[in-house]
Amino acid sequence: MTLNPPPSQQTSHSPRRIPNRRVLIVGNYCHDVLIQNGSVVAETLGGAASFISNVLDSSSVSCDLVSKVGHDFRYEVTHSPIVAPEKETTVFEAYFDLGIDGIGHADRVLKRVSACDPILPSDIPDSRFDFGMAVGVGGEILPETLEKMVEICDVVAVDIQALIRVFDPVDGAVKLVDLKESGFYHILHRIGFLKASSDEALFMDVEQMKHLCCVVVTNGEKGCRIYHKDDEMTVPPFLAKQVDPTGAGDSFLGGLIVGLVEGLTVPDAALLGNLFGSITVEHIGQPKFDLMMLQKVKDEVQRRKKQCNISSSHNNDHNEFHERLSPARFSCVDSQLQPKLLVNGHSCDDRSL
Ligand SMILES: Nc1ncnc2c1ncn2[C@@H]1O[C@H](COP(=O)(O)OP(=O)(O)O)[C@@H](O)[C@H]1O
Ligand SMILES: O=P([O-])([O-])O[C@@H]1[C@@H](O)[C@H](O)[C@@H](O)[C@H](O)[C@@H]1O
């Protein structure tokens, strides 16, 4: 199975005179408040856009980021957001001790307790991009925003959470609606990738969607599965000591796009996604990637590309790439250095936050 990137979505803009910019990330930054046993245990910078840009910046992949925050935004970030002075920044509370939520997710229950403005088509630059990433967390991406993205980006990757989340009017609890009822369904034949967690995948028809685009379903410590037309395959995970699951799916998507920008096949790029996802769960908030680890990963990516150019038979063989990436991954900071741990969302006496 090769699962190469889908052909360019570009239709009406060639011939191009100006080279494309690389990656466009669209989604709001937010403030994350982690709560366990009734107490706030951490407050961190959140939002898929923050985790993804962290992966791309660390991997030297240039990106533009469109995000909106309120007057109270409190973090220094590399990619400045648009400030809506009358509004407050989007805030998510993540409860790690409420058991199973309405969608059967045992890890955490999310509540959006404040919402910044949506991102409008006019907020997005009129340039062209190789890859676009629609990665809203709090309902900030509108159908017309996604439409603009598919117009200006050769390939668009969408996190399903940007499309199917709805918020309880009383307490902001995140609920999910079926993708067909999301208001975005009519645009989905124009996207390249749709990423969903295994919980979110229950809200779409994978068998149908895989004929419209490449579908990637992440499954925590089990890695991920890719579906495209009549091909499907599981991409193996990396071992991790989970501290906090927040941002794993986002970093996964960042790693996938880094791999695609580097010219890897989809399964190889998804392996990079698994790598960045596994490192992220070992941290509270934004992971700081070890420079030696990043260099080793870059070297392995270049090696893999050369190898695949010489022999296409390597396309199907993940084991070797996985084996070579594993030691690189473990050269990063030891997770035991994290002061306190959330283990798979459950507290342990000596580890609880
Ligand atoms: N406990 C874990 N051990 C190793 N890898 C993990 C773990 N949790 C997540 N990952 C990696 O991160 C990816 C995304 O995590 P997942 O929990 O499925 O997404 P989300 O954060 O969207 O719920 C997984 O596909 C996997 O590669
Ligand atoms: O953990 P994950 O699903 O990849 O993504 C998370 C979102 O679901 C959450 O709404 C947001 O507050 C976090 O910062 C993070 O972006």
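The chain carries the name Inositol 3-kinase in UniProt, which gives Arabidopsis thaliana as its organism. Taken from UniProt, the Catalytic activity comment for the chain reads in full: "myo-inositol + ATP = 1D-myo-inositol 3-phosphate + ADP + H(+)". A UniProt comment under Sequence similarities is attached to the chain, and it reads "Belongs to the carbohydrate kinase pfkB family."

(A) The arrangement of the overall build of the chain in detail. Scanning the chain from N- to C-terminus turns up 9 helices and 16 strands. Relative to its 353 residues, the chain shows a buried fraction of 58%. For the chain, the accessible area works out to roughly 15000 Å², and carbon and sulfur atoms hold 51% of it.

(B) Structural detail: the site of ligand 2. Of all residues adjacent to ligand 2, which total 18 residues, the nearest are D32, G47, R165, G247 and D250. The separation between an oxygen atom of ligand 2 and a polar main-chain atom of G47 is 2.8 Å. Within the side chain of R165, a nitrogen or oxygen atom sits 2.7 Å from an oxygen atom of ligand 2. Of all the secondary-structure elements, those providing two or more residues to the shell around ligand 2 are β2 (30-36), α1 (48-58) and α6 (248-261). Ranked by residues supplied to the shell around ligand 2, first place goes to α6 with 3 residues. For the shell around ligand 2, the residue count by class is 8 nonpolar, 6 polar and 4 charged.

(C) Fine view of the sheet that holds strand β13 (residues 193-197). Read from one edge of the open sheet, 8 strands run β4-β1-β9-β10-β13-β14-β15-β16, paired in mixed fashion. Among the strands making up the open sheet, the edge pair consists of β4 (63-66) and β16 (231-235). The average undirected angle you get between the axes of adjacent strands in this sheet is 15°. Both strand β15 (residues 224-228) and β16 contribute to a ladder of 5 bridges, which runs antiparallel. When the bridges of β16 are listed, C224 appears paired with V235. Sheet strands in contact with α6 are β1 (21-26), β9 (129-134), β10 (153-159), β13, β14 (214-218) and β15, and its direction is about 170° off that of β9.

(D) Layout of the site of ligand 1. Near ligand 1 lie 16 residues; those nearest to it are T218, G220, G223, G249 and N274. For ligand 1, an oxygen atom lies 2.9 Å from a polar atom in the backbone of G223. Bound to the protein, ligand 1 loses 91% of the 550 Å² it would expose on its own. When the residues that make up the shell around ligand 1 are grouped by side-chain class, the tally is 4 nonpolar, 10 polar and 2 charged.

(E) Representation of the packing of α6 against helix α7 (residues 266-280). The N-to-C vectors of α6 and α7 enclose an angle of 145°; their axes lie 7 Å apart at closest approach. Crossing of α6 over α7 shows right-handed handedness. Of the residues in α7, those touching α6 at A248, S251, F252, G255, L256, V258, G259 and L260 are V266, A269, A270, L272, G273, N274, F276, G277 and T280. Its residues assigned to classes, the contact of α6 with α7 comprises 10 nonpolar, 7 polar and no charged.

(F) Geometry of the nonpolar core. Formed by 96 residues in total, the largest nonpolar core has its most connected members in V23, I25, L163, L194 and M204. Looking at this core element by element, the count peaks at 8 residues for α7. Look past the residues within four positions of V23 in its chain and what remains in contact with it is L56, V61, S62, C63, D64, F129, F131, M133, I257 and V261. In this structure, I35, V91, Y95 and V109 belong to the second largest nonpolar core, which totals 5 residues.

(G) Local environment of the environment of F276. Relative to the assigned elements, F276 resides in helix α7. Judged by its relative accessible area of 1%, F276 falls in the buried class. Taking the C-alpha atoms as reference, F276 lies 13 Å from T246; in sequence the two are 30 residues apart. Setting aside residues no more than four positions away along its own chain, F276 makes contact with V55, S59, S251, G255, F289 and L294.

(H) Region of interest: the side chain of S50. On the secondary structure map, S50 appears in helix α1. Since its relative accessible area comes to 3%, S50 is described here as buried. Aside from chain neighbours lying at most four places away, what touches S50 is Y29, L45 and Q286.

(I) Spotlight on the packing of aromatic side chains. Per the stated rule, a full pass over the model turns up 4 aromatic pairs. Centroid distance F73 to Y75: 6.1 Å. Interplanar angle 65°. Geometry classified as edge-to-face. The exposure class assigned to F73 is buried, which follows from its relative accessible area of 16%. An angle of 85° between the planes, with centres 5.1 Å apart, marks the rings of F276 and F289 as edge-to-face.

Cut-offs used in this document
Residues numbered from 1 in each chain as written. Chains lettered and ligands numbered in written order. Predicted model: local features only at pLDDT ≥ 70, side-chain atom pairs only at ≥ 80, totals over all residues. Heavy atoms only, no water. UniProt positions renumbered as here; feature names shortened; annotations may be inferred. Helix = DSSP H or I, 4+ residues; strand = E, 2+ residues; numbered from the N terminus. Buried < 20%, exposed > 50% of the residue type's maximum accessible area, 1.4 Å probe, protein only. Areas by Shrake-Rupley, 256 points an atom, 1.4 Å probe, with all protein chains shown as cover. Near = heavy atom within 4 Å. Polar contact = N/O pair within 3.5 Å; in protein donor to acceptor, adjacent residues only side chain to side chain. Nonpolar A, V, L, I, M, F, W, Y, C, P; charged D, E, K, R; others polar. Pairing = 2+ DSSP bridges. Axes fitted to C-alpha atoms, helices over the stretch in contact; angles between N-to-C directions. Contact = heavy atoms within 4.5 Å. Left-handed = near helix turned anticlockwise from the far one by under 90°. Core = buried A, V, L, I, M, F, W, Y, C linked by side-chain atoms within 4.5 Å. Phe/Tyr/Trp six-rings, centres within 6.5 Å; stacked < 30°, edge-to-face > 60°.

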